[in-house]
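# A look at the structure
Each chain, written out:
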Amino acid sequence: MIPGMSEYTLVGADDVDDAYAGSSVPGEFRPLTKALGCEQVAVTLIRVPPHSDFEQGSGHYHDEIEEVYIVARGTLTMRLGDDVRRVGAGSVARVAPRTPRSHRNEGDEPVELWAISRRLGRHDAVKLDDFWEASPDAAQSR
């Protein structure tokens, strides 16, 4: 155990502020890293309502960070580089650094997605505007 660090921390995901509350972005983005006191790992809960384009046609990549996405509920449509894949509950996707990515929910069921990566301690994401065409089956805003 690292000196001064608790042996464990328990946090209810819904007790952490939704970073997208009050915005037009559909769904929830709940960064849990700080609340958990994580020193090495970054953890975020992302919820995407049915028929919603969470990143609103944009995408992003990370210069250094490898991300793991765990789909806990629903089916997510993900663009990973040039590939578009449907990823169902119980699936895990690993995305290498510098790989452009985005996701949306074109289905009828809510999606619950966990994003896990190494905690870098500084901003590493690069936003890609107009990464993919808007989905006719996914709303761009609330």
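Residues numbered from 1 in each chain as written. Predicted model: local features only at pLDDT ≥ 70, side-chain atom pairs only at ≥ 80, totals over all residues. Heavy atoms only, no water.

### Comments concerning the layout of surface pockets
A water-sized probe rolled over the atoms picks out the places where empty space is left. How we decide: Only protein atoms enter the calculation, which uses a 1 Å grid: trapped sets of points that fit a 1.4 Å probe without letting it out are cavities, open sets showing protein on both sides within 12 Å along at least five of seven lines are pockets, and any residue with an atom within 4 Å of a point is a lining residue. Grid points are joined across faces, edges and corners, and a volume is the space filled by probe spheres set on the points. Strands are runs of DSSP state E lasting at least 2 residues, helices are runs of H or I lasting at least 4, and numbering of each runs from the N terminus.
The volume enclosed by the largest pocket comes to roughly 850 Å³. If you trace the largest pocket, you find 34 residues lining it, with Phe 29, His 60, His 62, Glu 67 and Ala 125 closest to the centre. Counting residues per element, the ones that place at least two in the lining of the largest pocket are strand S1 (28–31), helix H1 (33–36), strand S2 (41–48), strand S3 (59–62), strand S4 (67–73), strand S9 (111–118) and strand S10 (125–128).

### With respect to the confidence of the model for the protein chain
The line we're drawing: What pLDDT reports is the predictor's confidence in each residue, on a scale of 0 through 100.
Looking at the protein chain as a whole, its pLDDT mean stands at 90, while 92% of the residues score no less than 70. When mean pLDDT is taken per element in the protein chain, S4 scores highest with 98 and S10 scores lowest with 90.

### Notes on the pairing of strand S6 (residues 83–88)
The cut-off we apply is this: At least two bridges found by DSSP between two strands is the condition for calling them paired.
Inspection of the sheet shows strand S5 (residues 75–80) paired to S6 by six bridges, in the antiparallel sense. Of the residues in S6, the one forming a bridge with Leu 80 is Asp 83. Hairpin connection between S5 and S6: a loop of two residues separates the two successive antiparallel strands, and Gly 81 in this loop has a positive phi of roughly 65°.

### Points about unusual backbone geometry
Note the cut-off: Burial status follows relative accessibility: with a 1.4 Å probe on protein chains alone, a residue under 20% of its type maximum counts as buried, one over 50% as exposed, and anything between as partly exposed.
One non-glycine residue, His 51, adopts positive backbone phi at about 55°. Secondary-structure assignment places His 51 in the loop between S2 and S3. We classify His 51 as partly exposed; its relative accessible area is 32%. Although it is not a glycine, Arg 98 sits at a positive phi angle of roughly 70°. Looking at the secondary structure, you find Arg 98 in the loop between strand S7 (91–95) and strand S8 (101–104).

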